[in-house]
Protein chains: 2
Amino acid sequence: MKKAIAIALLAAGATVAQHYSSGGELALPDYRKWVYLGSGVGMSYTETSRENPPFTNVFAEPAAYDKFMKTGTWPDKTVLIAEMRESATNLSINKSGRVQTAKVLAVEAEVKDSTKGGWAFYGFENGAQAGKLFPKSAACYSCHEEHAATDNTFVQFYPTLIETAKLHGTYKER
Amino acid sequence: MKKAIAIALLAAGATVAQHYSSGGELALPDYRKWVYLGSGVGMSYTETSRENPPFTNVFAEPAAYDKFMKTGTWPDKTVLIAEMRESATNLSINKSGRVQTAKVLAVEAEVKDSTKGGWAFYGFENGAQAGKLFPKSAACYSCHEEHAATDNTFVQFYPTLIETAKLHGTYKER
């Protein structure tokens, strides 16, 4: 029966990545098997430079990604994950530039959930498997609202989504 | 019938990503939906630095990835893709560091195929959908043989694979 439900959900294009605890925390999904949207290194919204700039890798739940590629917007229940990872140089035979190491510095989620008033942000601290909701006063909410190119998400930094969003008229130059 | 075969292949854990033309060229897979292994920026095996260092994003075919996570080595028919992508700074609200742009500079594949003598490398030039085999004299063959940590692949740069390879005794410090 469970299997039948799962197949029905998949057939309907529903996403099943979003699981909350009774306390409203978000369960950490197995996002490393999700669809990769892009990376930055040393990204900052101020003009600072860091000696060891971290990488930011962003992933989308596969069913939500498929829906975006058809419509240029994210379906309800979309989960995106941003993973901040330590960088290193002079590792093995790599002599310049930077590569990623095994050290994960932070994991955050952005979740679209109409039953919770739209987009919300969660932080997974120090390897936690449960993400805590950031309060609506946190900078992420206003920053995404003001600067995100498409549907509250930074599609301007996700190169494979840009063309689709432009085709569907959901891309704002920001 | 086709569906039954596909399901049987999936059940057997076989990878189905490898398709050759009659001329021996490799068909470009839809690798952006594959499992992301990691990125570097400005990677070089010599001590050079570039004004606009490109990103290198690496992807594994999902069934091959699952097999690696169980065994610490790649199954026959594994396909890995390296995508070189242009970087930019001062894009939108990002004021430092670098992000990825929509411009793909190069795509290369590394393929494990026992019917072709083991690992082989293919290059997809200028957006080509068919990859040409690099000759065995190309630098990629000797470099991977001498410097790759695990099974001819640069697992030292793929942080989520390192622990698995070490657990299975397939990791060489290089």
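This structure is a prediction, so every number in the text was calculated from the model and none was measured. (Residues numbered from 1 in each chain as written. Chains lettered and ligands numbered in written order. Predicted model: local features only at pLDDT ≥ 70, side-chain atom pairs only at ≥ 80, totals over all residues.)

(A) Expanded view of the overall build of chain A. Counting its regular elements, chain A contains four helices and seven strands. When the elements of chain A are put in sequence order from the N terminus, they spell out α-β-β-β-α-β-β-β-β-α-α. Taken over 174 residues, chain A has a buried fraction of 39%. Considering only intrachain contacts with a sequence separation of at least 6, the fraction spanning at least 24 residues in chain A is 49%. (Helix = DSSP H or I, 4+ residues; strand = E, 2+ residues; numbered from the N terminus. Buried ≥ 20, exposed ≤ 12 C-beta atoms within 10 Å, placed from the backbone. Contact = placed C-beta atoms within 7 Å.)

(B) The relation of the copies chain A and chain B, seen in detail. Overlaying chain A with chain B gives an RMSD of 0.0 Å, the required rotation being 180 degrees about an axis along which the chain moves by 0.0 Å. Interpreted geometrically, this transformation is the action of a two-fold axis. Every residue of chain A has its C-alpha some distance from the rotation axis, and the shortest such distance is that of A:Y36, at 3.1 Å. With an isologous cut-off of 70% or more, the 100% of interface residues of chain A that recur at the interface of chain B puts this contact in the isologous class. (Least-squares fit on C-alpha atoms with pLDDT ≥ 70 in both.)

(C) Examining helix α4 (residues 159-167) of chain B more closely. When α4(B) is considered as a whole, its buried residues turn out to be B:P159, B:L161 and B:A165. All buried residues of α4(B) fall inside an arc of 135 degrees around its axis, so they share one side. For α4(B), the elements touching its buried residues are β4 (79-88) and β5 (96-113) of chain A together with β2 (35-44) and α2 (62-71) of chain B. Positive backbone phi, at 70 degrees, marks B:G169, one or two positions downstream of α4(B). (Arc of directions from axis to C-beta.)

(D) Spatial organisation of unusual backbone geometry. Notably, A:N126 is not glycine yet its phi reads approximately 50 degrees, a positive angle. Within the secondary structure, A:N126 is located in the loop between β6 (118-124) and β7 (130-133). At B:S92, a position not held by glycine, the phi torsion is positive, near 55 degrees. Within the secondary structure, B:S92 is located in the loop between β4 (79-88) and β5 (96-113).

(E) Main features of the interface of chain A and chain B. Contacts between the two partners involve 38 residues from chain A and, on the opposite side, 38 residues from chain B. Per element, the largest residue contribution to the side of chain A that touches chain B is nine residues, and it comes from strand β2 (residues 35-44) of chain A. Grouping the constituent residues of the side of chain A that touches chain B by class yields 14 nonpolar, 17 polar and seven charged. Taken together, the three bridges between β5(A) and β2(B) define a ladder with antiparallel strand orientation. Within β2(B), the residue paired with A:S96 across the bridge is B:S44. (Nonpolar A, V, L, I, M, F, W, Y, C, P; charged D, E, K, R; others polar. Pairing = 2+ DSSP bridges.)

(F) Spatial organisation of the environment of B:S137. Along the chain, B:S137 turns up in the loop between β7 (130-133) and α3 (139-147). Sequence separation of B:S137 and B:I93 is 44 residues, and the distance between their C-alpha atoms is 45 Å.

(G) The pairing of strand β3 (residues 55-60) of chain A, seen in detail. All names here are of chain A. Along β3, six of the six residues are buried, which leaves the element largely enclosed by surrounding structure. Neither face of β3 is exposed, since F55, N57 and F59 on one face and T56, V58 and A60 on the opposite face are all buried. Pairing of β2 with β3, which is carried by six bridges, proceeds in the antiparallel orientation. Considered in β3, the bridge of V35 is made with A60.

(H) Up close: helix α4 (residues 159-167) of chain A. Among the residues of α4(A), those classed as buried are A:P159, A:T160, A:L161 and A:A165. Its buried side turned inward, α4(A) meets β2 and α2 (62-71) of chain A together with β4 and β5 of chain B.

(I) Structural detail: the environment of B:L26. Note on placement: B:L26 falls in strand β1 (residues 26-27). Setting aside its immediate chain neighbours within four residues, B:L26 contacts B:Y20, B:A109, B:V111, B:Y122, B:A130 and B:G131.

(J) Structural detail: the confidence of the model for chain A. Residue and element names in this part refer to chain A. For chain A, the mean per-residue pLDDT works out to 89, and 89% of the residues sit at or above 70. Confidence over residues 4-15 falls short of pLDDT 50; this stretch has twelve contacts with residues more than four positions distant or in other chains. We note a pTM of 0.89 for the whole complex and an ipTM of 0.88 for its interfaces. (pLDDT = per-residue confidence, 0-100.)

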